[in-house]
Amino acid sequence: MYKLGIDVGGTNTDAVLIDENLRVVASVKQHTTPDIYDGILNAVRAVLQQSGVDRSQIRQAMLGTTQCTNAIVERKNLAPIGILRIGAPASRGIPPMVDWAEDLKAIAVKTAVVGGGFEYDGKELAPFDAEATAAFFEELKAKNVKSVAISCVFSTVRNDHELAAAELCRKIMGEDVHVSVSSEIGSMGLIERENATILNAALYKVAQSFTEGFARSLADEGVTKAEIYLSQNDGTLMTMDYARRYPILTIACGPTNSIRGACYLSQLKNAVVVDVGGTTTDLGVIQNGFPRESGVAVTIGGVRTNFRMPDVISIGLGGGSIVRQQADGTVTVGPDSVGYQINEKALCFGGDVCTATDIAVRLGMADLGDKTLVAGLDETFARKALDAIRTLCEDALDAMKVSSEDVDVILVGGGAIVLPPQLAGAKTVTQPECGGVANAIGSAISKVSGTFEQLIDYDKTPRDQALAQARAQAVELAVAAGAIRETVEIIDAEDVPLQYYPGNTARVKIKAAGDLA
């Protein structure tokens, strides 16, 4: 029995095959192709060829992909949608998509703000206007719209009106309509939560395309008995159906896969992970074996959102980063890179561009390409370049730390060869075996999770009772996402008192994770 893990990055598509004891049987790196399915097919073919395993013994296949992020940033393949906000008259002052770029606003065929919504304590702002909502859905149906985003004021406290609108939507527009409900996607803050829901609705075609395409790629290679899962950005997995419902949760899954893979390979449960690719370096934090979540609103493609995202810093440093000597004698590295063309353009491969990889080869830190081709690089120049690389990494490491104490650091990624083994601020620097494909390993060994988040008034529901109910809900959400009930455990719990709310209100957030069924 084997697991196949694949991670599609901007430069490389990595694939690993892992046996039932979670040992790496085979691993490959292939260049990401303009059509990512060719890259996935190449990687699957190569890893199967290298391992020689019986294809019928591959029972689980996991994919981490950047396609949803790319679709938003590049404004490609986004579906036309309808946007319904429940919150009139209170929320009419700021219409949906108010600060969006014009080229992205074009996805909205029609928007409406109807009566309804709630106060912070769960009281109705106004009764839900079912009549206006039904008329809006009838208009969308006439325009042949297939995806709808529904948001409501304080739906994280009570989502009755959102659920009523979603039910009405399916009744009028048909069961095959894609409905995104904000209380299932974002957290507190109407505009950011609504933005995340709109993006989720617009990504449904992209999600359909990559889930079906991945299944087709596997079938073409004779892998027909594998259950298929997609990586999501909290370091856990989701089923194909779940990915089609919540495609936005795949955004930033690449760095989280690397963090999970680094955790598994190093056996460190708390550390900073430095993942060096061909173009960028991503830094993230492992907390109790899972990626630390960002506590601030995250901007994607110019849109401010507040759904769950990992706390990751990206810097323009990679194996293909271009090294230059400036007029004043200083040496700079990046942020531009030769990317996936490194095998043609880097000096050590016979090219004419000096890259960070060439510096590593010149200083004896790596054995790649032809060493004689970089022998002519001046050692002083190479040392200056290494200092610049070290400074870039150490500054980013400082930004990730929450105290002045030194931390354990794990170096992974194909470009990790460009970093020196000692870094200021690091207690230890670990570079695990198979670290070059940590992202694909993270994809293959991930668990399945469920997160419950709600505002709860402890005067109405005693704290112990409320937390017990929240834990039970989180477990049910993990099971619904595909986890084996007996293996599910609570991996994160927080309840934060909200002083600006009347009574004894707290924001309760519980996360549970378990092994794949």
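Before reading further, recall that the structure is shown in the block above.
Residues numbered from 1 in each chain as written. Predicted model: local features only at pLDDT ≥ 70, side-chain atom pairs only at ≥ 80, totals over all residues. Heavy atoms only, no water.

Caption draft 1: Layout of empty space enclosed by the protein. Tallied over the full model, the rule gives one cavity of 30 Å³ or more. Size it by volume and the largest cavity reaches roughly 40 Å³. Taken together, N233, D234, P291, R292, E293, R308, M309, P310 and K511 make up the lining of the largest cavity. A per-class count over the lining of the largest cavity returns three nonpolar, one polar and five charged. (1 Å grid on protein atoms, 1.4 Å probe; cavity = no way out; pocket = protein on both sides within 12 Å on 5 of 7 lines; lining within 4 Å. Points joined across faces, edges and corners; volume = space filled by probe spheres on them. Nonpolar A, V, L, I, M, F, W, Y, C, P; charged D, E, K, R; others polar.)

Caption draft 2: A look at the sheet that holds strand β6 (residues 108-115). Taken together, four strands build an open sheet; the order of strands is β6-β5-β7-β8 and the sheet is parallel. Edge positions in the sheet fall to β6 and β8 (178-181), since each has one partner strand and no second. Going across the sheet, the axis of each strand differs from the next one's by a mean of 15°, ignoring polarity. Across four bridges, the pairing between strand β7 (residues 147-152) and β8 is parallel. By the bridge assignment for β8, I150 is matched with V181. Contacting β5 (81-88), β7 and β8, helix α5 (residues 160-173) runs over the sheet at an angle of about 160° to β7. Of the strands in this sheet, β5, β7 and β8 touch helix α6 (residues 190-202), which is tilted by about 165° from β7. (Pairing = 2+ DSSP bridges. Helix = DSSP H or I, 4+ residues; strand = E, 2+ residues; numbered from the N terminus. Axes fitted to C-alpha atoms, helices over the stretch in contact; angles between N-to-C directions. Contact = heavy atoms within 4.5 Å.)

Caption draft 3: Quick look at the pairing of strand β9 (residues 227-231). Most of β9 sits out of view: four of its five residues are buried. Pairing between strand β4 (residues 58-64) and β9: four bridges, direction parallel. Its bridge partner being in β9, M62 is matched across the sheet by Y229. Where β9 and strand β10 (residues 236-239) come together, three bridges link them in antiparallel fashion. Pairing of L230 across the sheet is with M238, part of β10. Counting the residues that bridge the hairpin from β9 to β10 gives four residues, and of these G235 lies at a positive phi of roughly 85°. (Buried < 20%, exposed > 50% of the residue type's maximum accessible area, 1.4 Å probe, protein only.)

Caption draft 4: Fine view of helix α14 (residues 463-480). In a regular helix each residue adds 1.5 Å, so 18 residues correspond to 26 Å; α14 covers 25 Å between its end C-alpha atoms and thus fits that length. Buried-residue contacts for α14 involve β21 (447-457), β22 (489-497) and β23 (505-514). Looking one or two places after α14, you find G482, whose phi comes out positive at around 120°. (Expected span 1.5 Å × (residues − 1).)

Caption draft 5: Expanded view of the nonpolar core. Grouped together as the largest cluster of nonpolar side chains are 57 residues, with contacts concentrated most on L4, I6, I248 and F307. Here this core takes seven residues from helix α1 (residues 36-51), the largest share from any one element. If sequence neighbours within four positions are ignored, L4 has contacts with V16, L17, V44, V47, I58, Q60, A61, M62 and L218. V331, A346, V361 and L419 belong to the second-largest nonpolar core, a separate cluster that totals 43 residues. (Core = buried A, V, L, I, M, F, W, Y, C linked by side-chain atoms within 4.5 Å.)

Caption draft 6: Here's a closer look at the side chain of D19. Summarising the element assignment, D19 is placed in strand β2 (residues 12-19). For D19, a relative accessible area of 12% gives the class buried. Among the polar contacts made by the side chain of D19, one reaches the main-chain amide nitrogen of R23 at a distance of 2.9 Å. Once residues within four sequence positions are removed from consideration, D19 is found in contact with M1, Y2 and V25. (Polar contact = N/O pair within 3.5 Å; in protein donor to acceptor, adjacent residues only side chain to side chain.)

Caption draft 7: Main features of the pattern of salt bridges. According to the stated counting rule, one finds 21 salt bridges in the structure shown. When the shortest N-O distance is used, the salt bridge between R23 and D19 registers 3.4 Å. Look at R23 and you get exposed, because its relative accessible area is 52%. As a salt-bridge pair, R485 and E476 come within 2.7 Å of each other at their nearest N and O atoms. Judged by its relative accessible area of 42%, R485 is partly exposed. Accessibility expressed as a relative area gives 39% for E476, which makes it partly exposed. In this structure, a network of salt bridges that share partners links the residues R45, R55 and E221. (Salt bridge = Lys/Arg side-chain N within 4 Å of Asp/Glu carboxyl O.)

Caption draft 8: Region of the structure containing α5. The terminal C-alpha atoms of α5, which comprises 14 residues, lie 20 Å apart, in line with the 20 Å expected from a rise of 1.5 Å per residue. What α5 keeps buried is the set H161, E162, A165, A166, L168, C169, I172 and M173. What you see down the axis of α5 is that its buried residues fit within an arc of 165°, all on one side. Seen from the buried face of α5, the exposed residues on the opposite side, beyond 90 degrees, are E167 and K171. (Arc of directions from axis to C-beta.)

Caption draft 9: Spatial organisation of the state of the cysteines. The tally for this structure, following the rule as stated, stands at zero disulfides. Here C169 stays free of any disulfide, with the sulfur of C152 as its closest cysteine sulfur at 15 Å. Owing to a relative accessible area of 0%, C169 belongs among the buried residues under this scheme. The thiol sulfur of C253 is not disulfide-bonded, and the nearest other cysteine sulfur, from C68, lies at 8.6 Å. Residue classification places C253 among the buried positions, given a relative accessible area of 1%. (Disulfide = S-S within 2.5 Å.)

Caption draft 10: Spotlight on the packing of helix α9 (residues 253-266) against helix α13 (residues 438-445). Packing of α9 against α13 brings their axes to within 6 Å, and their N-to-C directions diverge by 85°. Judged on the interaxial angle alone, α13 and α9 are roughly perpendicular. Contacts from G254, N257, S258, R260, G261, A262, Y264 and L265 of α9 reach α13 at A438, N439, I441, G442, S443 and I445. Its residues assigned to classes, the contact of α9 with α13 shows six nonpolar, seven polar and one charged. (Parallel < 35°, antiparallel > 145°, perpendicular 65-115°, else oblique.)

Caption draft 11: A look at the packing of helix α4 (residues 130-142) against α5. Two elements in contact, α4 and α5, have axes whose closest approach is 9 Å; the angle formed by their N-to-C orientations is 40°. As the angle between them shows, α4 and α5 are arranged oblique. Crossing of α4 over α5 shows right-handed handedness. Along its contact with α4, which presents A130, T133, A134, F137, E138, L140 and K141, the element α5 presents A165, L168, C169, I172 and M173. The residue inventory of the contact of α4 with α5, partitioned by class, reads nine nonpolar, one polar and two charged. (Left-handed = near helix turned anticlockwise from the far one by under 90°.)

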